[in-house]
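Spelled out from the first residue to the last, the chains are:
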Amino acid sequence: MIQRPRRLTPPPLEQMIVVMNTRRGLSKLSLFGNGFPCSYCGFPAESDDHTPPRCLLQKPYPKNLATIPACHKCNERFSEDEEVVEAVLAHVSFEEDLMRERRGGKVARAIDRNPKLKASTEGQTDENGRFRVTKKTLGKVSRVAEKTVQGLYFRRYERMLAPQDVTVLAIEHQHQVSVDQMIKQFCGPESWPDVTRDGKALERAALAHLGDIKVDWEDYQPGVFRFAFFKGRRSRLVCLLDLHQTLVVAVECPRPPSR
Ligand SMILES: [Zn+2]
């Protein structure tokens, strides 16, 4: 007889440390009973969730596309949001690939199939054909960005972030705010060379004209999805998501404990 894994009440998220096997995408070692905890809520996971989510990538997907354990409830909750995010990206982008998706590709087909998505997309398009993102839609983009950072953090630091520890700082269109401007806006004082003790503001203004602050990008799918973690203000960590060279999202989370 096959014994089913025991269901336990999850311990607080910060007590759960899971080592991930990136080859199969499943946790090999878990301090949480026999089952794998959901990476987002901590309850037992019955499925896997792709991270970064496929809605932020393009086919053919990268070969090392990782999955992390997730429960059905979180998986379902995110799938609707992901469809919306994919439609938003296709509607606000000036990238050729995405404009094709919108005209007759995957996104156009998804909208045809889904009356709710169709109504929301049409509702956000003005008489001049411009797409105006509503607050509700922005909330969905935020949720997908936050869970993406939870997944990326999990992959990089092998630690879970509680949902309440992840906060979107800004979502910008790269035609308005560049990725470099976002880095300058959110990087902490430690990222700046310490030349003078009291001339920080002046130094900052001068450097802003001189050059860019370098951050370590992981170019997951070139031109489509890259991300960088860097030190932000108030001892926090910032994760910047560059989505299709179209949107740039800054997400704040706690710094990983030093090992
Ligand atoms: Zn869950």
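Since we're looking at a predicted model, the values are computed, not measured.

Enquirer: Explain helix α3 (residues 106-113) to me, please; I cannot follow it from the model alone.
Expert: For an α-helix, 3.6 residues make a turn, and residues three or four places apart therefore share a direction. Of the residues making up α3, those classed as buried are V107, A108, A110 and I111. Across the axial projection of α3, the buried residues extend over an arc of 160°, all falling on one side. Of the exposed residues in α3, the ones pointing more than 90 degrees away from its buried face are D112 and R113. If you follow the buried residues of α3, they end up packed against α1 (72-92), α2 (96-103) and α4 (115-123).

Enquirer: Whenever I open this one, the coordination of the zinc ion confuses me. Can you help?
Expert: Around a metal, the perfect tetrahedron of four donors has angles of 109.5 degrees, and the perfect octahedron of six donors has angles of 90 or 180 degrees. Taken together, the protein ligands of the zinc ion are C38 (SG), C41 (SG), C71 (SG) and C74 (SG), with distances of 2.3 to 2.4 Å. Within one chain, the residues donating to the zinc ion are spaced in sequence as C-x2-C-x29-C-x2-C. Taken together, the residues span a long stretch of sequence, with C41 in the loop between β2 (26-30) and β3 (47-51) and C71 in the loop between β4 (66-70) and α1 at a distance of 30 residues. Judged by relative accessible area, which is 29%, C41 ranks as partly exposed.

Enquirer: Looking at this structure, I do not really get the packing of aromatic side chains. What am I missing?
Expert: For any pair of aromatic rings, geometry is given as the distance between the ring centres together with the angle between the planes. Scanning the model with the defined rule gives 7 aromatic pairs in all. An angle of 70° between the planes, with centres 6.3 Å apart, marks the rings of Y153 and F229 as edge-to-face. Note that Y153 is positioned in helix α5 (residues 135-157) and F229 in strand β7 (residues 225-231), a separation of 76 residues in sequence. For Y153, a relative accessible area of 3% translates into the label buried. A centroid spacing of 5.5 Å and a plane angle of 70° characterise the contact between Y157 and F229, whose relative ring orientation is edge-to-face.

Enquirer: What is the right way to read the side chain of S47 from this model?
Expert: Inspection of the secondary structure puts S47 in strand β3. Looking at S47, its side chain comes within polar contact range of the side chain of N75, at 2.8 Å. Contacts of S47, omitting those with residues within four sequence positions, involve I68, P69, A70, C71, H72 and N75.

Enquirer: Sorry if this is basic, but what is going on with the pairing of strand β9 (residues 247-254) here?
Expert: It is a general feature of regular strands that their side chains alternate between the two faces of the sheet. Counting buried positions along β9 yields 7 of 8 residues, so the element is predominantly enclosed. Judged from the 6 bridges that link them, strand β5 (residues 167-173) and β9 form a sheet pairing that is antiparallel. Along β9, the bridge assignment pairs T167 with E252. Between the end of strand β8 (residues 236-243) and the start of β9, which pair antiparallel, lie 3 residues, with H244 showing a positive phi angle near 55°.

Enquirer: Explanation requested: a positive patch on the surface in the structure shown.
Expert: A cluster of basic residues, R54, K59, R109 and R113, forms a positive patch at the surface. Within the secondary structure, R109 is located in helix α3.

Calculation notes
- Residues numbered from 1 in each chain as written.
- Predicted model: local features only at pLDDT ≥ 70, side-chain atom pairs only at ≥ 80, totals over all residues.
- Heavy atoms only, no water.
- Buried < 20%, exposed > 50% of the residue type's maximum accessible area, 1.4 Å probe, protein only.
- Helix = DSSP H or I, 4+ residues; strand = E, 2+ residues; numbered from the N terminus.
- Arc of directions from axis to C-beta.
- Contact = heavy atoms within 4.5 Å.
- Donors = N, O, S within 2.8 Å, 3.2 Å for Na, K, Ca; no water.
- Phe/Tyr/Trp six-rings, centres within 6.5 Å; stacked < 30°, edge-to-face > 60°.
- Polar contact = N/O pair within 3.5 Å; in protein donor to acceptor, adjacent residues only side chain to side chain.
- Pairing = 2+ DSSP bridges.
- Patch = residues over 30% accessible without salt bridge, like charges linked within 9 Å, V, L, I, M, F, W, Y side chains within 5 Å.
- Areas by Shrake-Rupley, 256 points an atom, 1.4 Å probe, with all protein chains shown as cover.
- Salt bridge = Lys/Arg side-chain N within 4 Å of Asp/Glu carboxyl O.
- Lys, Arg positive; Asp, Glu negative; His and termini not counted.
- Charge placed at Lys NZ, Arg CZ, Asp CG, Glu CD.

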